[in-house]
Amino acid sequence: MRWALLLFRWLGRSGPLERLDIVMYTRRGCHLCEAAWQLLEREQRRYGFRLTAVDVDSDPELAARYGLEVPVVAVNGRVRFRGGVNPVLLRRLLRAAARATGPSA
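Definitions and limits used
- Residues numbered from 1 in each chain as written.
- Predicted model: local features only at pLDDT ≥ 70, side-chain atom pairs only at ≥ 80, totals over all residues.
- Heavy atoms only, no water.
- Helix = DSSP H or I, 4+ residues; strand = E, 2+ residues; numbered from the N terminus.
- Contact = heavy atoms within 4.5 Å.
- Axes fitted to C-alpha atoms, helices over the stretch in contact; angles between N-to-C directions.
- Parallel < 35°, antiparallel > 145°, perpendicular 65-115°, else oblique.
- Left-handed = near helix turned anticlockwise from the far one by under 90°.
- Nonpolar A, V, L, I, M, F, W, Y, C, P; charged D, E, K, R; others polar.
- Buried < 20%, exposed > 50% of the residue type's maximum accessible area, 1.4 Å probe, protein only.
- Polar contact = N/O pair within 3.5 Å; in protein donor to acceptor, adjacent residues only side chain to side chain.

A.B. asks: What's the story with the side chain of Thr 26 in this structure? I'm lost.
C.D. replies: Tracing the chain through its elements places Thr 26 in strand 1 (residues 21-26). Here Thr 26 is in contact with Cys 33, Ala 53, Val 54, Asp 55, Val 56 and Val 70, once residues within four sequence places are set aside.

The following block contains the structure:
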């Protein structure tokens with residue numbers, strides 16, 4: 001799999017997971033959110049998925065839903081992490097998604 005990632009980088013493509021959407025619900029001043037974002041950015045450089053941050057305080061509904069649990073990370077619309085991101089579980093999820101997509105995706 002490592003050779004495929006290097007090939008994607010060499011070809012200038014986004015990566016094997018360019019169709020994967022990861023959204024992190026966050027808020028300003030959250031140290032757990034900052035750590036989770038750094039981890040997600042590192043993995044994004046490796047796998048090439050789309051990464052978006054949404055401030056829960058910008059929407060009262062999001063603040064009510066996720067306000068006490070940030071960071072909340074959703075992968076393709078499904079919440080996978082609340083209150084932090086487990087790096088081991090994140091990498092397992094990304095490797096499984098990369099295997100499912102295959103190197104030709």
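A.B. asks: Just checking my understanding: could you explain the environment of Leu 93 for this structure?
C.D. replies: Take Leu 93: it is sitting in helix 4 (residues 87-101). Not counting chain neighbours up to four residues away, the residues in contact with Leu 93 comprise Val 75 and Arg 80.

A.B. asks: Whenever I open this one, the packing of helix 2 (residues 31-47) against helix 4 confuses me. Can you help?
C.D. replies: In a packed pair of helices, the relevant descriptors are the angle between the two axes and the axis-to-axis distance. Packing of helix 2 against helix 4 leaves a shortest axis separation of 12 Å and a crossing angle of 20°. With respect to each other, helix 2 and helix 4 are oriented roughly parallel. Here helix 2 runs over helix 4; the crossing is right-handed. Every residue of helix 4 that contacts helix 2 at Leu 39, Leu 40, Glu 43 and Tyr 47 is listed here: Pro 87, Leu 90, Arg 91, Leu 94, Arg 95 and Ala 98. When the residues that make up the contact of helix 2 with helix 4 are grouped by side-chain class, the tally is seven nonpolar, no polar and three charged.

A.B. asks: Any chance you could explain the side chain of Glu 43 here in plain terms?
C.D. replies: Among the secondary structure elements, Glu 43 is positioned in helix 2. Residue classification places Glu 43 among the buried residues on the basis of a relative accessible area of 5%. Among the polar contacts listed, one links the side chain of Glu 43 to the side chain of Arg 91, at a separation of 3.0 Å. Those residues in contact with Glu 43, other than ones at most four positions away along the chain, are Gly 48, Phe 49, Leu 90, Arg 91 and Leu 94.

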